[in-house]
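# Secondary and tertiary structure notes
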Amino acid sequence: MKKKILTGDRPTGQLHLGHYVGSLQNRIKLQSSYDQYILVADLQALTDHFAHPEKVSQNIIEIAKDYLSVGIDPEQTTILIQSQIPEIAELTVYYLNLVTLGRLRRNPTIKYEMQQKGYNEAIPAGFFCYPVSQAADITLFQAELVPVGEDQLPMIEQTNEIVRRFNRLYHTETLKECKAVLSKTARLVGIDGKSKSSKSLGNAIALADPPEVIKQKVFQMYTDPDHIKASDPGRVEGNVVFAYLDAFHPDLEILADLKAHYRRGGLGDVVIKNMLNDRLQLLLAPIRAKRDSLDAKMVKEILHQGTVKAAQLAKETIKMVREAMGIQSF
Ligand code: ATP
Ligand code: MG
């Protein structure tokens, strides 16, 4: 039997280049040799979008289109909607007993996101606890591999702690530990130079962006503020254009020459921005074309089929979990 993969995305906006290099490329590569589940995390999206549920539901189809347009194959990958699998909520409730508030507070990604969203003590408990619900997602689908970006490493660690605690407490081997699959670019910076491009910061190039928007975003990118004239020596570190060239330019030798030239001076920002724009246009044109060819009815059917298949596995796992915990049926 093939090992299982679980990963997912919050339907809070369109998928972007960070998703592409951080996780989607690995999902495409792994889908033929693993039993892969991709979860559209609409329940998790509600933890910080509870006032705008319509935004979350509208983005479900958009995200599914993004998956199909980059080459996620529904014959090989099961795409499911989180809110349609009630066992996730049930498992989350059980797991909440295995985690302390102190432990949740130490999660560095939650700390960062709390600060970014200005929550402080007014943080919704659902948001604070989403790492526990993510542990439920992963273990319900018995996943051993989780292709994610770097920001998700604390969630994998939390999941494995829950797995070990559960198995030890209930003298069982029901739950499986999992491993993150990280890519070469496990964290793509934002076009504004912020540490991570994300949907909620609006600092990303979306997979569905039209050509002129891509170009405009590339030309907005932060470079080196001291590189005023083309003849000035420039800095490559912290330069967003080079971070994106590292992620998207396939030729390491050309890239090394380009960096050396920029460092010694004589290479203008317009030249490197044009180069990056050319690469991104080449990458994204076929993805956009595939997206435009997708029919919403067909996409909905794929989501329906995937969710039905996933529900089966969810039922099998929750039965084992209840048995391990000695929860009786009446
Ligand atoms: P939001 O702002 O709503 O949290 P997001 O852009 O962070 O959206 P998520 O849906 O939270 O996207 O993340 C989905 C997956 O994509 C996760 O595995 C995450 O690690 C990965 N990912 C998101 N942004 C990046 C990025 N900039 N670089 C690498 N991986 C990323
Ligand atoms: Mg995120």
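Higher on the page you've got the structure.
These remarks concern the structure in this document. (Residues numbered from 1 in each chain as written. Chains lettered and ligands numbered in written order. Predicted model: local features only at pLDDT ≥ 70, side-chain atom pairs only at ≥ 80, totals over all residues. Heavy atoms only, no water.)

The next thing to look at is the packing of aromatic side chains. Taken as a whole and assessed by the stated rule, the structure comprises 7 aromatic pairs. Aromatic pair Tyr119 and Phe127: ring centres 5.5 Å apart, planes at 65 degrees, arrangement edge-to-face. The two residues Tyr119 and Phe127 agree in class, both being buried. On the basis of an interplanar angle of 70 degrees and a centroid distance of 5.2 Å, the ring pair of Phe127 and Tyr130 is categorised as edge-to-face. In terms of burial, Phe127 and Tyr130 fall into one category: buried. Every member of this aromatic cluster is reached through a ring pair, and the members are Tyr95, Phe166 and Tyr170. (Phe/Tyr/Trp six-rings, centres within 6.5 Å; stacked < 30°, edge-to-face > 60°. Buried < 20%, exposed > 50% of the residue type's maximum accessible area, 1.4 Å probe, protein only.)

According to the stated counting rule, one finds 18 salt bridges in the structure shown. Here Asp9 makes a salt bridge to Arg27, at a shortest N to O gap of 2.9 Å. Here Asp9, found in strand β1 (residues 4-9), pairs with Arg27, found in helix α1 (residues 17-30); they are 18 residues apart in sequence, far enough to count as distant. No difference in accessibility class separates Asp9 from Arg27, as the two residues are buried. In this structure, Glu90 and Arg322 form a salt bridge, with 2.8 Å as the shortest nitrogen-oxygen distance. With Glu90 in helix α4 (residues 86-96) and Arg322 in helix α14 (residues 296-325), this residue pair connects regions lying 232 residues apart in the sequence. Accessibility expressed as a relative area gives 33% for Arg322, which makes it partly exposed. Connected via shared salt-bridge partners are Lys4, Asp35 and Lys309. (Salt bridge = Lys/Arg side-chain N within 4 Å of Asp/Glu carboxyl O. Helix = DSSP H or I, 4+ residues; strand = E, 2+ residues; numbered from the N terminus.)

Turning next to unusual backbone geometry. With a phi angle near 45 degrees, Asn120 is a residue other than glycine that sits in the positive phi range. Phi angles above zero are rare outside glycine, and His171 is one such case at about 45 degrees. Looking at the secondary structure, you find His171 in the loop between α9 (153-169) and β5 (179-181). Under the relative-accessibility criterion, His171 is labelled exposed at 75%.

This paragraph deals with the packing of helix α12 (residues 252-264) against helix α13 (residues 269-292). Interhelical geometry of α12 versus α13 gives an angle of 160 degrees and a closest axis separation of 11 Å. For the element pair α12 / α13, the angle class is roughly antiparallel. By crossing handedness, the relation of α12 to α13 is classed as left-handed. Taking contact as the criterion, the partners of Ile254, Leu258 and Tyr262 in α12 are, on α13, Asp269, Ile272 and Met275. In terms of residue class, the contact of α12 with α13 is made up of 5 nonpolar, no polar and 1 charged. (Axes fitted to C-alpha atoms, helices over the stretch in contact; angles between N-to-C directions. Parallel < 35°, antiparallel > 145°, perpendicular 65-115°, else oblique. Left-handed = near helix turned anticlockwise from the far one by under 90°. Contact = heavy atoms within 4.5 Å. Nonpolar A, V, L, I, M, F, W, Y, C, P; charged D, E, K, R; others polar.)

Of note, Glu87 is situated in helix α4. Separated by 53 residues in the primary sequence, Glu87 and Leu140 place their C-alpha atoms 7.8 Å from one another. Ignoring anything within four residues of it in the chain, the contact list for Glu87 reads Leu140, Ala314, Lys315 and Ile318.

Counting buried positions over the 9 residues of helix α11 (residues 240-248) gives 7, a clear majority of the element. Listed as buried for α11 are Val240, Val241, Phe242, Tyr244, Leu245, Ala247 and Phe248. Here the buried face of α11 lies against α1, α12 and α13. Structurally, the start of α11 carries an N-cap: the backbone nitrogen of Val241 is 3.1 Å from a side-chain oxygen of Asn239. (Polar contact = N/O pair within 3.5 Å; in protein donor to acceptor, adjacent residues only side chain to side chain.)

With that settled, consider the site of ligand 1. Around ligand 1, the structure places 20 residues, and the nearest of them are Thr12, Asp151, Lys196, Lys199 and Ser200. At 2.9 Å from an oxygen atom of ligand 1 is found a main-chain nitrogen or oxygen belonging to Arg10. At a separation of 3.4 Å, an oxygen atom of ligand 1 approaches a polar side-chain atom of Ser198. Elements with a minimum of two residues in the shell around ligand 1: β1 and α1. The element best represented in the shell around ligand 1 is α1, accounting for 3 residues. Split by residue class, the shell around ligand 1 holds 3 nonpolar, 11 polar and 6 charged. (Near = heavy atom within 4 Å.)

Such coordinate-based values are descriptive only and should not be taken to indicate function.
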